[in-house]
Amino acid sequence: MITPATRHAVENLCQRNQAVILDFTTERLHIAAVEPLPQEIIAALRFAAHCAIDVEYWPPARLEQFRQEQGHPSSGHRTDITERNSETATERIDHLLYLAIEQRASDVHIEPQANDLRIRFRVDGVLQTVSPNGSDNGNALLARLKIMASLDIAERRMPQDGQFTLTLRGKQASFRLATLPTGFGEKAVVRLLQSETQSVALENLGMSLTSLRRFREALARPQGMILVTGPTGSGKTFTLYSGLSSLNEPGRNLCSVEDPIEIPLPGVNQTQTHPRNGLDFNRVLRALLRQDPDVIMVGEIRDSETAEIAIKAAQTGHLVLSTLHTNSTTETLTRMGQLGIPGYLLASALKLVIAQRLVRRLCPHCREPAEALAHFPRALWPGTVQNWRAVGCEHCYSGYYGRLALFELLPITAQLQNAIAAECSHEQLLALVHQQDFNSLFVEGLHCVNRGDTTLAELNRIVGTDDG
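Per chain, residue numbering runs from 1 following the sequence as it is written. In keeping with the predicted nature of the model, local features appear solely for residues at pLDDT of at least 70, side-chain atom pairs appear and are counted solely at 80 or more, and the whole-chain, interface and lining totals rest on all residues. Hydrogen atoms and water are omitted, and side-chain values are computed over all heavy atoms in the structure.

Colleague: How do you make sense of the confidence of the model for the protein chain when you look at a structure like this?
Modeller: Do not read the predicted coordinates in detail wherever pLDDT is low. Overall, the prediction assigns the protein chain a mean pLDDT of 88, with 94% of residues at 70 or greater. For every residue, the predictor states its confidence as a pLDDT score lying anywhere from 0 to 100. Working definition: helices are DSSP H or I runs of at least four residues, strands are E runs of at least two. Numbering for both runs from the N terminus. Model confidence for the protein chain, summarised as mean pLDDT per element, is weakest for helix 4 (residues 76–102) at 67 and strongest for strand 10 (residues 224–229) at 98. Here, residues are in contact when the closest pair of their heavy atoms is within 4.5 Å. Below pLDDT 50 for its whole length, residues 72–87 participates in 13 contacts with residues either more than four positions away or in separate chains.

Encoded structure:
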């Protein structure tokens with residue numbers, strides 16, 4: 001029999017050492033703690049409880065959640081219920097994440113609604129609703145995800161983000177979690193991160209031979225800047241990784257600053273930012289310049305300070321690869337000016353701009369030819385374009401399976417350099433670009449439509465019509 005004095009002594013020992021009681025019987029004391037308890041504390045617990053001691057080690061967030069959910073530390077009945085609910089949430093999250101990987105999803109959305117919970121997967125860039133599970137509890141699922149990502153479970157009013165790695169059916173997978181308070185509760189988006197490196201090769205980007213040659217030429221330069229541009233989710237980071245991977249050899253020092261590190265690359269010194277701890281892009285980038293780098297990858301140019309440091313690095317003997325959020329190659333030139341980079345600095349540093357998009361690829365099992373189209377201006381596309389229909393079958397989602405990349409490459413020629421240095425207008429730069437051997441994203445997309453890789457409707461959805 002456990003006396004009140006014995007229980008009180010054990011509870012006091014646990015509280016002083018940041019531990020909680022999971023189960024306490026005459027045969028054993030089962031507790032959870034954040035860090036391994038010293039042997040003298042284990043001995044003291046064994047002496048006070050007069051039984052065997054079992055210790056589990058939990059993340060701080062899980063321990064805090066347990067404390068909040070318990071009426072008092074020794075409530076055995078409440079513990080059983082909590083463990084069963086936790087197991088249910090754990091199994092459901094594991095199932096959802098495994099299903100997301102199986103269905104090639106890039107993101108999982110968990111969204112509280114007025115009367116239920118909506119779960120959606122983004123597959124090939126389009127959100128698809130997942131069949132609901134009547135027992136889904138949004139708060140329990142969010143709590144489980146927060147525990148895995150080491151976030152604050154008690155904080156529900158502010159956005160949070162974190163990362164975690166999970167082994168699902170023998171395979172390790174990495175995820176990024178972002179939470180956001182909404183009108184009906186907290187919404188979560190889980191991004192599936194690429195963890196395999198074998199596919200990161202220039203040949204796997206899907207560039208045309210001409211574009212690939214231009215990219216290789218820019219990468220072969222000892223210094224300068226290569227910018228990859230496009231909206232979120234257009235594959236920019238993967239293009240950077242491919243370029244970095246092609247330069248990865250023992251004779252070079254490759255460094256990167258990222259938020260987060262999406263693909264681990266052996267041989268590359270990758271640093272992840274931690275803004276909450278003061279480790280932002282600018283601070284890491286300055287530190288990297290003192291690390292004797294040959295090549296620097298900056299995950300994203302977000303402000304004028306980052307842009308300035310990156311440009312100066314490109315002028316002082318480093319090859320710099322980075323991304324920027326603009327819609328086209330020519331817009332990138334004016335955007336850097338808006339960030340406060342003088343034309344003469346940009347002209348001397350910039351070597352290549354790549355704009356890209358991802359369009360859904362037609363399913364080869366069910367695609368059907370549609371009417372040939374001949375309404376495009378001759379300067380844009382001479383002749384007809386063979387269009388296709390997305391039918392849909394058991395192999396695909398709505399007639400599409402996977403995605404392919406469209407690329408628009410703009411090498412910075414001597415003529416363009418002079419125009420950038422003179423800070424010419426966007427219209428003047430556009431006129432110069434069209435004098436070169438240059439294919440826009442829309443024209444590259446028309447080639448894909450004509451080959452039967454995608455449809456004109458999909459091209460218009462992602463790229464829009466060519467605005468010339």
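Having seen it, we continue.
Colleague: What am I meant to see in the side chain of D107 here?
Modeller: Mapped onto the elements of the fold, D107 is located in strand 4 (residues 105–112). Nitrogen and oxygen atoms within 3.5 Å of one another constitute a polar contact, given that in protein one can donate a hydrogen and the other can accept it, and given that sequence-neighbouring residues count only through two side-chain atoms. Side chain to side chain, D107 and S106 meet in a polar contact 2.8 Å long. Polar side-chain contacts of D107 include one of 2.5 Å to the side chain of R191. Apart from the residues lying within four places of it in its own chain, the contact partners of D107 are R120, F121, R122, V189, V190, R191 and L192.

Colleague: Mind showing me how you'd approach the sheet that holds strand 14 (residues 319–324) here?
Modeller: Whenever strands of a sheet pair, they do so through backbone hydrogen bonds, lying parallel or antiparallel. Spatially, seven strands are ordered 12-11-13-14-10-15-18 in an open sheet, and the strand pairing comes out mixed. Among the strands making up the open sheet, the edge pair consists of strand 12 (269–272) and strand 18 (400–411). Going from strand to strand, the sheet's axes swing by 15° on average, the running direction of each strand aside. When strand 15 (residues 350–362) meets strand 18, the two strands line up antiparallel, connected through 10 bridges. Bridge assignment links V359 to a residue of strand 18, and that residue is L404. Note on method: axes are straight lines fitted to C-alpha atoms, helices fitted across the in-contact stretch only, with angles between N-to-C directions ranging 0 to 180 degrees. The strands touched by helix 9 (residues 304–315) within the sheet are strand 10, strand 13 (295–298) and strand 14, with strand 10 carrying the most contacts at an inclination of about 135°. Sitting on the sheet, helix 10 (residues 329–338) is in contact with strand 10, strand 14, strand 15 and strand 18, with an inclination near 135° to strand 15. Here a strand pair is declared whenever DSSP counts at least two bridges between the two strands.

Colleague: I keep staring at the environment of R302 and nothing clicks. Help me out?
Modeller: Mapping R302 onto the fold places it in the loop between strand 13 and helix 9. When a residue's accessible area, from a 1.4 Å probe over protein chains only, is under 20% of the maximum for its type it is buried; when over 50% it is exposed; and in between it is partly exposed. Judged by its relative accessible area of 42%, R302 is partly exposed. C-alpha of R302 to C-alpha of P364: the two residues are 62 residues apart in sequence and 39 Å apart in space. Reaching out from R302, the side chain makes a polar contact with the side chain of E300 at a distance of 3.3 Å.

Colleague: Teacher, can you tell me more about the sheet that holds strand 6 (residues 126–129) here?
Modeller: Strands sit in the order 6-5-4-9-8-7 across an open sheet of six strands; the sheet is antiparallel. The open sheet is flanked by strand 6 and strand 7 (160–168), the only strands paired with a single partner. When the angles between neighbouring strand axes are averaged without regard to direction, this sheet yields 25°. Inspection of the sheet shows strand 5 (residues 117–123) paired to strand 6 by four bridges, in the antiparallel sense. In the strand pairing of strand 6, R122 is matched with L127.

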